[in-house]
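# Residue-level structural notes
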Amino acid sequence: GIGAVTGSILNSASNHEKSCCEESEGVGSMPVDDDGLPIYASTSDPMALPTVNEEGVALSDIYLERIHPDPNRDRETELREGMKAFGTCRETLATSDANASLVAGSTPDERVSKMNELHQNDHENPTVTTRKAYFYQTSQIGSSNLAHKFVLLAGPSSEELGSDIGHLLGVPVSRMDVGKFADGETRVQIQENVRHKHVYIVNSTTSPDAMVELLLLISALRRASAKRITAVIPYFGYARQDENKRPLREPIAAADVAHMLEEMGVDRVICMDLHNDTVRGFFAPQVPVEHLMPAPVAAAYFHEELSSMQSTRDNDAKAAKSSSYPPVTVVAAHEGQVGRATQFRDVLKRLAGEDIELAVLTRGRMKAGAKVYEPMLVGKVKGRKCIIIDDIVNTGTTLVSNVQMLKQEGADAVYAWATHGVFEKKNCEATLEKINALDDMEYLLISNSITTPQLLPLKIRSLNVAPLLAEAIARALHNQSISSILSLEPLESVERYDGDP
């Protein structure tokens, strides 16, 4: 039979408690009540407990006791559970080896390269990234004095993204358990010591469940005496409900979510490409909100892709002398995307050293509530490679109409970038098939801010934004500027609060 070996650790007093016992020479010398029990000023005072049992054996010793198997227990079940536990240990060791191999890189470029190698073997959730670390410049936290102060958590909606961030920072993702009770209520448990530590939670609020999980995680951390709690929210759910459209009786859900996060005790929020930048104003002044725009990261990826293409401008003598970079036009998906398209164009222009055109697809004639419209183009796209810029792709209707319009106007090739792939859960597979069937589009690039349950088709690529978020977290810990991450400027030397250079 298989014997179960269990370890029982008897409770012992801490070193501080032991010293209290020695100084007071036992409980008897302390103030006691009518029952002979010690009196304390508060429930948080250390208890003076004996350090030995009745036989004089130290209570801090660890005993291993062999317990005979339960005769009523199925031996096959016991063996299966033992094999499962062994498999879990083996997977943990394999993961630790992979993490050790990954964080071994001495430079940001090497760490990003090793992360890419791991993702190349992941056929179920492939991601792409830039070959060069344009925006990820900070050294690893795991090798600094911050390691013992820093805790990184990844919620269920952002487990893979959080794992990549931990790889780049050189720190493990701390353990926690998020699940549901039998009645469907959300259950969270933090399985690490977070007292007086800086905790960062990576969790996209892609669903009501994800929202409740984030709120309860913040509450659990606050009750566990975390020093500072930062919610890293790659996709901020309900951000599109940012106004009350009169005369409709609607909530301003984005503001309500901000208030809930504040009430739970969050200290800082790091978001990525909010639908409307005014959402930051829904938070109180004592809760700063960092708004990261990943468009420059996407621009760097397209720059590397376009740099490898041969120019088709054979009749353009000036272009033939300068470089083989193709003619490019950045196209705003609609009027509200002009700001994002301008930022994308500026970064691409700086990286390429070429003139990049800007165009706009307007939907000014679209009626309220209409889902289909005919776009109007303002700008030059004929014979050029066009990149459509948007913040969210949901049903793909706007994307399809924009691609068709650009091809009708003579675009040489059409690409698209949308930060968040918020595909409908009910019709997710149909939406992916519709986008993949767009013969006039080369491919759509989205970020991995949202985990897609289905395997992405060939015409949809997922850009890993872990380097951007890792840089933001590292700079926040080092008290360095976060807004300057995307400026492509060298990292300034700022005095760090932990005393590291």
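Residues numbered from 1 in each chain as written. Predicted model: local features only at pLDDT ≥ 70, side-chain atom pairs only at ≥ 80, totals over all residues. Heavy atoms only, no water.

### Focus: the pairing of strand E11 (residues 357–362)
Pairing of strand E10 (residues 328–332) with E11 involves four bridges; the strand directions are parallel. In the sheet register, Ala 332 faces E11, and the bridge partner there is Val 360. You can see the chain leave E10, run along helix H9 (residues 338–352) and come back into E11, and the turn it takes is right-handed. Bridge analysis of E11 against strand E12 (residues 376–378) gives three bridges, and the strand direction is antiparallel. Within the sheet, the bridge partner assigned to Leu 361 lies in E12 and is Leu 377. (Pairing = 2+ DSSP bridges. Helix = DSSP H or I, 4+ residues; strand = E, 2+ residues; numbered from the N terminus. Right-handed = clockwise from strand over helix to strand, strands pointing away.)

### What to know about unusual backbone geometry
Despite not being glycine, His 196 has its phi angle at roughly 60°, a positive value. In this structure His 196 comes out as exposed when scored by relative accessible area, which is 53%. Of note in the backbone geometry, Ser 225 takes a positive phi value of approximately 70° without being a glycine. In this fold, Ser 225 is placed in the loop between helix H5 (208–223) and strand E7 (228–233). On the basis of relative accessible area, Ser 225 is assigned to the partly exposed category, the value being 32%. (Buried < 20%, exposed > 50% of the residue type's maximum accessible area, 1.4 Å probe, protein only.)

### Some details on the nonpolar core
Core analysis: the largest hydrophobic core is formed by 61 residues, its most contacted members being Ile 165 and Phe 344. Looking at this core, the element that brings in the most residues is helix H12 (residues 466–477), giving nine residues. In contact with Phe 344, not counting residues within four places along its chain, are Ala 295, Ala 298, Ala 299, Phe 302, Val 330, Ile 387, Ile 389 and Trp 417. If you look at the next biggest cluster of nonpolar residues, it comprises 31 residues, including Leu 215, Leu 221, Ala 226 and Phe 236. (Core = buried A, V, L, I, M, F, W, Y, C linked by side-chain atoms within 4.5 Å. Contact = heavy atoms within 4.5 Å.)

### Considering the sheet that holds E12
If you trace the seven strands from one edge of the open sheet to the other, you get E12-E11-E10-E13-E14-E15-E16, paired in mixed fashion. Two strands lie at the open edges of the sheet, namely E12 and strand E16 (460–463), each paired on one side alone. With strand direction ignored, the average angle separating the axes of adjacent strands in the sheet is 25°. In the packing of helix H10 (residues 397–408) onto the sheet, contacts are made with E10, E11, E12, strand E13 (385–393), strand E14 (413–421) and strand E15 (444–447), and the angle to E13 comes to roughly 165°. (Axes fitted to C-alpha atoms, helices over the stretch in contact; angles between N-to-C directions.)

### Observations concerning the packing of aromatic side chains
Per the stated rule, a full pass over the model turns up eight aromatic pairs. Look at Phe 150 and Tyr 200: their rings are 5.5 Å apart centre to centre, the planes differ by 40°, and that puts the pair in the tilted class. Here Phe 150, found in strand E3 (residues 150–154), pairs with Tyr 200, found in strand E6 (residues 198–202); they are 50 residues apart in sequence, far enough to count as distant. In this structure, Phe 150 and Tyr 200 share a single accessibility class: buried. Note on Phe 236 and Phe 283: the rings are 6.3 Å apart at their centroids and 75° apart in plane angle, and the pair reads as edge-to-face. Of the two residues, Phe 236 is situated in the loop between E7 and helix H6 (253–264) and Phe 283 in the loop between strand E8 (268–272) and strand E9 (289–292); the sequence distance between them amounts to 47 residues. Like Phe 236, the residue Phe 283 is buried in the burial classification. An aromatic cluster is defined as three or more aromatic residues linked by ring pairs; in this entry it consists of Tyr 301, Phe 302, Phe 344, Tyr 415 and Tyr 443. Over the ring of Phe 181 we find Arg 187, and its NZ or CZ is 5.8 Å from the ring centre. (Phe/Tyr/Trp six-rings, centres within 6.5 Å; stacked < 30°, edge-to-face > 60°. Lys NZ or Arg CZ within 6 Å of the ring centre and 35° of its normal.)

### As for the confidence of the model for the protein
Taken residue by residue, the protein gives an average pLDDT of 78. The fraction at 70 or more is 67%. Below a pLDDT of 50 lies the segment residues 311–322, which in the model reaches seven contacts outside its immediate sequence neighbourhood of four places, other chains included. (pLDDT = per-residue confidence, 0-100.)

### Things to note about H10
Here H10 is twelve residues long and its end C-alpha atoms lie 17 Å apart, about the 16 Å a rise of 1.5 Å per residue gives. Along H10, the residues that are buried comprise Leu 399, Val 400, Ser 401, Asn 402, Val 403, Met 405 and Leu 406. Phi for Gly 410, located one or two positions after H10, is positive at around 95°. (Expected span 1.5 Å × (residues − 1).)

### Regarding the pattern of salt bridges
Close approach of charged atoms allows side chains with opposite charge to pair. Here the structure, examined in full by the defined rule, presents twelve salt bridges. Between Lys 385 and Asp 412 there is a salt bridge, with its nearest N and O atoms 3.0 Å apart. Linking Lys 385 in strand E13 with Asp 412 in the loop between H10 and E14, this pair joins segments that are 27 residues apart in sequence. We classify Asp 412 as partly exposed; its relative accessible area is 35%. (Salt bridge = Lys/Arg side-chain N within 4 Å of Asp/Glu carboxyl O.)

### Some words on the packing of H5 against H6
The packing of two helices is summarised by the inter-axis angle and the distance between the axes. Their axes nearest at 8 Å, the elements H5 and H6 cross at an angle of 25°. Classed by the angle they form, the pair H5 and H6 counts as roughly parallel. For the pair H5 and H6, contact is made by Met 211, Leu 214, Leu 215, Ile 218, Ser 219 and Arg 222 and by Val 257, Met 260, Leu 261 and Met 264, respectively. In terms of residue class, the contact of H5 with H6 is built from eight nonpolar, one polar and one charged. (Parallel < 35°, antiparallel > 145°, perpendicular 65-115°, else oblique. Nonpolar A, V, L, I, M, F, W, Y, C, P; charged D, E, K, R; others polar.)

### Focus: the pairing of E3
Counting buried positions over the five residues of E3 gives five, a clear majority of the element. By the bridge criterion, five bridges tie E3 to E6 in an arrangement that is parallel. Counted as the bridge partner of Phe 150 is His 198 from E6.

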